[in-house]
Amino acid sequence: MITLTMNPALDLTLHLAGPAKTGALNRSVSSSVTHGGKGTNFSLALLSAGVPSAAVALLGGAAGERFRAMHEERGLKITAVPISAETRTNVKVIDGDGVCTEYNQTVTVTESELDDVIAVLDALVATGEHKIMHMAGSLPAGAPKSFYRTLCERYGDRVACIVDADGEALKAAVAAKIPPVLLKPNKAELEGLVGRPLTNESVVEAAREVRAATGGRASVIVTLGENGAVFVGANGGGTVRVSAVKVPVVRGFTAAGDTFLATFVARVLRDNGGEGAVVPARGLQVRGDAGASAAMRAAARAAAEKVALEGSEIPANISLDI
Ligand SMILES: Nc1ncnc2c1ncn2[C@@H]1O[C@H](COP(=O)(O)OP(=O)(O)OP(=O)(O)O)[C@@H](O)[C@H]1O
Ligand SMILES: [Mg+2]
């Protein structure tokens, strides 16, 4: 499996003792740096479930090196596409009352760096070893909003594409001539896609609309945070709802969606002969409602283990059994 992280970042979290003051100096009482990359978090969760992947990420400067080292420590080797800009450091300030304010950096990539991404992906796809490509997260400045769509159309005949994106990038991917086989919006992302507010019930109808927009080809998983998730199967497949697993102390939401999706995919592959058995034109083969339900339950349990962990820490030894 290939995973792509176009806009990785280091996340610097500063904890303040009291309220945050704008226009004044705020001193932290503690701080930490974690890795923030959607595809790389997905790869870490896959690895934890025993599934290897080729993690491609655009990386630059000292922050990029640190990002790479943090993953190597966790056993994930990253295939870096070097960029001239320094990898982002995003800042999260959590004040004494627990109020969180985020400041995100913008990185701009050049056209030739985007060509380098394509060249790396071309080479990986050409090996024939990979039957799935996962693309997730925001796009850096300089990349067209149609970038994921372009990748689906370029590679979709040889690899089954999974898209976990937001806004225009997601909208464009849904309209690809070879559409993704699996989409994983959360509720807010789905609301953006269908252009109306949704409830935990009406997400089903909205997910079916999105499936229809792909000619029925995409399965859609809508994650609903503490309210669980819904799966709508491709090609008129069934609908399966799963509840979230109760967590005594919630510590970090980051990468909950990535852990959910990775566990779902790992379980579906295990039930269907592994990645080698995937036929991209047939999409991700989920064995009916029972197959979807088993994968969704394993995913909800792993995601619950994740939210019990700090920051973007991914649970160790994710189990696919239920
Ligand atoms: N408070 C919670 N308690 C238990 N499980 C949770 C909680 N929040 C999230 N989860 C689990 O994690 C899954 C994914 O969460 P969510 O919908 O927040 O994903 P997301 O917004 O895509 O996250 P991200 O993009 O940061 O990875 C949920 O479907 C649920 O199973
Ligand atoms: Mg998400």
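Whatever comes next refers back to the structure up there.
This section reports on the structure supplied with the text. (Residues numbered from 1 in each chain as written. Chains lettered and ligands numbered in written order. Predicted model: local features only at pLDDT ≥ 70, side-chain atom pairs only at ≥ 80, totals over all residues. Heavy atoms only, no water.)

## Quick word on the site of ligand 1
As a matter of local geometry, ligand 1 sits amid 22 residues, with K38, N186, T223, G225 and G257 nearest to it. In the model, an oxygen atom of ligand 1 is placed 2.8 Å from a nitrogen or oxygen of the N186 side chain. Interatomic distance of 3.4 Å between a backbone N/O atom of D258 and an oxygen atom of ligand 1. About the coverage of ligand 1: the protein hides 87% of its 640 Å² of free accessible area. Those elements giving two or more residues to the shell around ligand 1 turn out to be α8 (256-271) and α9 (288-307). For the shell around ligand 1, a count of residues per class yields 13 nonpolar, 5 polar and 4 charged. (Near = heavy atom within 4 Å. Polar contact = N/O pair within 3.5 Å; in protein donor to acceptor, adjacent residues only side chain to side chain. Areas by Shrake-Rupley, 256 points an atom, 1.4 Å probe, with all protein chains shown as cover. Helix = DSSP H or I, 4+ residues; strand = E, 2+ residues; numbered from the N terminus. Nonpolar A, V, L, I, M, F, W, Y, C, P; charged D, E, K, R; others polar.)

## Here's the deal with the sheet that holds strand β4 (residues 54-59)
One open sheet accounts for 9 strands, arranged β5-β4-β1-β8-β9-β10-β11-β12-β13; its pairing is mixed. Strand pairing shows two members of the sheet lacking a second neighbour, β5 (78-82) and β13 (239-242), which therefore form its edges. Where strand β1 (residues 2-5) lies against strand β8 (residues 132-136), 4 bridges are found, and the strand directions are parallel. Across the sheet, I2 pairs through a bridge with M133, a residue of β8. Each of β4 and β5 is contacted by helix α2 (residues 61-73), which is oriented at about 170° to β5, the strand it contacts most. Here α9 sits on the sheet in contact with β11 (219-223), β12 (229-232) and β13, set at roughly 25° to β13. (Pairing = 2+ DSSP bridges. Contact = heavy atoms within 4.5 Å. Axes fitted to C-alpha atoms, helices over the stretch in contact; angles between N-to-C directions.)

## Comments concerning empty space enclosed by the protein
Going through the model one piece at a time under the given rule, you end up with 2 cavities of 30 Å³ or more. By volume, the largest cavity is sized at about 50 Å³. Surrounding the largest cavity, M6, N7, P8, L58, I83, T87, R88, V107, V109 and P140 form its lining. A per-class count over the lining of the largest cavity returns 7 nonpolar, 2 polar and 1 charged. Reported here for the second largest cavity is a volume of approximately 30 Å³. Looking at the second largest cavity, the residues that line it are V268, D271, N272, V286, R287 and G291. Its residues placed into classes, the lining of the second largest cavity shows 2 nonpolar, 2 polar and 2 charged. (1 Å grid on protein atoms, 1.4 Å probe; cavity = no way out; pocket = protein on both sides within 12 Å on 5 of 7 lines; lining within 4 Å. Points joined across faces, edges and corners; volume = space filled by probe spheres on them.)

## Some points on the sheet that holds strand β7 (residues 100-103)
In a beta sheet, neighbouring strands pair by backbone hydrogen bonds and run either parallel or antiparallel. With respect to topology, 4 strands assemble into an open sheet ordered β3-β2-β6-β7, the strand pairing being mixed. Of all strands in the sheet, those with a lone pairing partner are β3 (28-36) and β7, marking the two edges. Strand-to-strand twist in this sheet, taken as the mean axis angle between neighbours without regard to direction, amounts to 20°. Pairing geometry for strand β2 (residues 9-16) and strand β6 (residues 88-94), over 7 bridges, is parallel. For T13, the partnering residue across the bridge sits in β6 and is K92. Contacting β2, β3 and β6, α2 runs over the sheet at an angle of about 75° to β3.

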